[in-house]
Amino acid sequence: MVDLERRFPSIALMEATARRRIPRFAWDYLAGGIGRERVLAENCARLDRVKLRPRYLVDDAASPQLSQTLLGVDYPLPFAVAPLGLSGLIWPAAAEHLARAARARQIPFTLSNVATSSVEQIGSIGGHVWYQHYATTDTEVNADLLRRAQAAGFTTLVITVDIPTATRRQRDMRNGLSVPPAFSARTLFDILGRPAWALATLQQGVPEFLNLKPYLPAGLSLAQLGEHLAQLLEGHVSQQKLAWYRAHWPGRLIVKGILDPADALACRDIGADAIVVSNHGGRQLDAAQTAVDALPAIRSATGPDFPLLADGGIRSGLDIARYLALGADFVLLGRAFMFALGAIGARGPEHAMHVLQAELRSTLGQLGCPSIAQLPEFLIRTE
């Protein structure tokens, strides 16, 4: 840990190293956005402009309270691992490494249904596991995926609603991104320059969509597989469809990808237990509002007691504090943990969690804030 502290004291340093160790086609998928990537940059820029006012002449704030209760569960830290599709293509066995680190830190890990690890594999690791679901066109497939997740021990269902239609991400289109990867001379040259990734992939095997594999015909070519997946994954989730998921999932339900107060209220009225204020990491609409800008209005609409999570642009414990000060109860991080995994390997995610915890504690200490619940009192409010 001492060596990692010296080499990687921040997420930013992990990001720089990860970029050199992950093949370009996988890096572009992880780090890229959509269009001219304006909202991708704005996610971080808007967070940077959130200012907090410290109070120095206070009683001892050297041991601030970082724990948070969310949906009836006590967590030692107010953040979770966000769902990330194609995770095993970015770094082999990524979901397993992230789930183990989250279990060790006793924080939630969210598995995407288009990750390259199955609900059964991640469920066997244990801990606080959440299952993120993209709606499919087949009601029986939807029901079976929920059944499998529940049987594997997942306690919370996360329905993502902010991919109503297919997108055109230029980086991925230029790279010909697919799962399994389509190997060209350029791809192979790229892989040869990333020996750690190549060796780990060789040991782990070619990534597949293991959650969806049972519902796909056998023997499809790469082109046929992509076409079949595009037909299977529906995207658009109406209020009626969201109500169907509420009726068919007995556990906690979180809706991810909300930016509009009216949508937030609709989710609450349907019976969602919480929402995630998010623009999908700047990957869907380049004119979207940031979570930083959307969060205050949504908090005002839903009131103080409805649980709100947020994500987008988080690269430090200070950024976590900023979101909590704006009204979030909990935050999700995706890219930050993948940067750590790419830079360090299996020990990376746990080290990133350590760094974020230390930075969050330091931030509260500098503010003179005794607990994360009181962070909104330190926000400098601007129009």
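See the structure printed just above.
Residues numbered from 1 in each chain as written. Predicted model: local features only at pLDDT ≥ 70, side-chain atom pairs only at ≥ 80, totals over all residues. Heavy atoms only, no water.

(A) Representation of the layout of surface pockets. By volume, the largest pocket amounts to about 1,400 Å³. In terms of lining, the largest pocket is formed by 49 residues, of which the most central are Tyr29, Leu86, Ile163, Arg169 and Arg283. Those elements that provide at least two residues to the lining of the largest pocket are α3 (24-31), α9 (170-175), α12 (222-232), β10 (330-333) and α17 (335-344). The greatest single-element share of the lining of the largest pocket, amounting to five residues, is contributed by α12. Among the residues forming the lining of the largest pocket, the class breakdown is 25 nonpolar, 15 polar and nine charged. (1 Å grid on protein atoms, 1.4 Å probe; cavity = no way out; pocket = protein on both sides within 12 Å on 5 of 7 lines; lining within 4 Å. Points joined across faces, edges and corners; volume = space filled by probe spheres on them. Helix = DSSP H or I, 4+ residues; strand = E, 2+ residues; numbered from the N terminus. Nonpolar A, V, L, I, M, F, W, Y, C, P; charged D, E, K, R; others polar.)

(B) Local environment of empty space enclosed by the protein. Counting across every chain of the model gives two cavities of 30 Å³ or more. Together, Ala82, Leu84, Ser87, Ala95, Leu98, Phe109, Thr110, Leu111, Ser112 and Ala115 line the second largest cavity. Broken down by element, the residue count for the lining of the second largest cavity peaks at four residues, all from strand β4 (residues 109-112). Considered class by class, the residues forming the lining of the second largest cavity number seven nonpolar, three polar and no charged.

(C) How the structure looks around the packing of aromatic side chains. With the rule as written, the count across this model stands at six aromatic pairs. We note Arg55 situated over the ring of Phe378; from NZ or CZ to the ring centre the distance is 4.5 Å. Here the basic side chain of Arg283 rests over the ring of Tyr29, its NZ or CZ set 4.5 Å away from the ring centre. (Phe/Tyr/Trp six-rings, centres within 6.5 Å; stacked < 30°, edge-to-face > 60°. Lys NZ or Arg CZ within 6 Å of the ring centre and 35° of its normal.)

(D) Structural context of unusual backbone geometry. Located in the positive-phi region is Glu37, a residue other than glycine, with phi close to 60°. Along the chain, Glu37 turns up in the loop between α3 and α4 (38-48). Owing to a relative accessible area of 19%, Glu37 belongs among the buried residues under this scheme. Even without being glycine, Leu71 reaches a positive phi, approximately 55°. Locating Leu71 in the fold gives a position in the loop between β1 (68-70) and β2 (73-75). (Buried < 20%, exposed > 50% of the residue type's maximum accessible area, 1.4 Å probe, protein only.)

(E) Looking closely at the pattern of salt bridges. Applying the stated criterion across every chain, the model contains 19 salt bridges. With a shortest N-O distance of 3.5 Å, Asp28 and Arg24 are connected by a salt bridge. Of the two residues, Asp28 and Arg24 are both situated in helix α3; the distance of four residues between them amounts to about one turn of the helix. What makes Asp28 buried here is its relative accessible area of 9%. A residue is classified by how much of its surface remains accessible, and Arg24, at 46% relative accessible area, is partly exposed. Across the pair Arg322 and Asp319 runs a salt bridge, and its minimum N-O distance is 3.0 Å. Taken as a pair, Arg322 and Asp319 lie in helix α16 (residues 317-326) at a separation of three residues, close to a single helical turn. Judged by its relative accessible area of 9%, Arg322 falls in the buried class. Using a relative accessible area of 4% as the deciding quantity, one classes Asp319 as buried. Three or more residues joined by partner-sharing salt bridges are found here, namely Arg24, Asp28, Glu37 and Arg171. (Salt bridge = Lys/Arg side-chain N within 4 Å of Asp/Glu carboxyl O.)

(F) Layout of helix α18 (residues 348-367). With 20 residues, α18 should reach 28 Å at 1.5 Å per residue; the first-to-last C-alpha distance of 28 Å fits that figure. Directly beyond the C-terminal end of α18, a positive phi value near 75° is found at Gly368. (Expected span 1.5 Å × (residues − 1).)

(G) Representation of the side chain of Asn211. Structurally, the position occupied by Asn211 is in the loop between α11 (195-204) and α12. Overall, the relative accessible area of 0% leaves Asn211 in the buried class.

(H) The side chain of Arg46, seen in detail. Positionally, Arg46 belongs in helix α4. At 2.6 Å, the side chain of Arg46 forms a polar contact with the side chain of Asp293. Not counting the four nearest positions on each side in its chain, Arg46 is found in contact with Thr290, Val292 and Asp293. (Polar contact = N/O pair within 3.5 Å; in protein donor to acceptor, adjacent residues only side chain to side chain. Contact = heavy atoms within 4.5 Å.)

(I) Layout of the nonpolar core. Met14, Phe79, Ile275 and Tyr323 are the most contacted members of the largest nonpolar core, which totals 111 residues. Considering each element in turn, this core owes the most residues, eight residues, to α17. Core analysis: the second largest hydrophobic core is formed by 14 residues, Leu70, Val73, Val158 and Ala274 among them. (Core = buried A, V, L, I, M, F, W, Y, C linked by side-chain atoms within 4.5 Å.)

(J) Representation of the environment of Asp260 within the structure. Its location among the elements puts Asp260 in the loop between β7 (252-258) and α14 (261-270). C-alpha separation for the pair Asp260 and Pro207, spaced 53 residues apart in sequence, amounts to 36 Å.

(K) Geometry of the pairing of β10. Burial of the side chains of β10 extends over both faces: Phe330 and Leu332 are buried on one face and Val331 and Leu333 on the other. As defined by bridge partners, strand β3 (residues 79-81) adjoins β10 across three bridges and the pair is classed as parallel. Residue Val81 lies in a different strand from β10, and its bridge partner there is Leu333. Across three bridges, the pairing between strand β9 (residues 308-311) and β10 is parallel. Note on β10: the bridge partner recorded for Asp311 is Leu332. Following the chain from β9 across α16 to the adjacent parallel β10, one finds a crossover that is right-handed. (Pairing = 2+ DSSP bridges. Right-handed = clockwise from strand over helix to strand, strands pointing away.)

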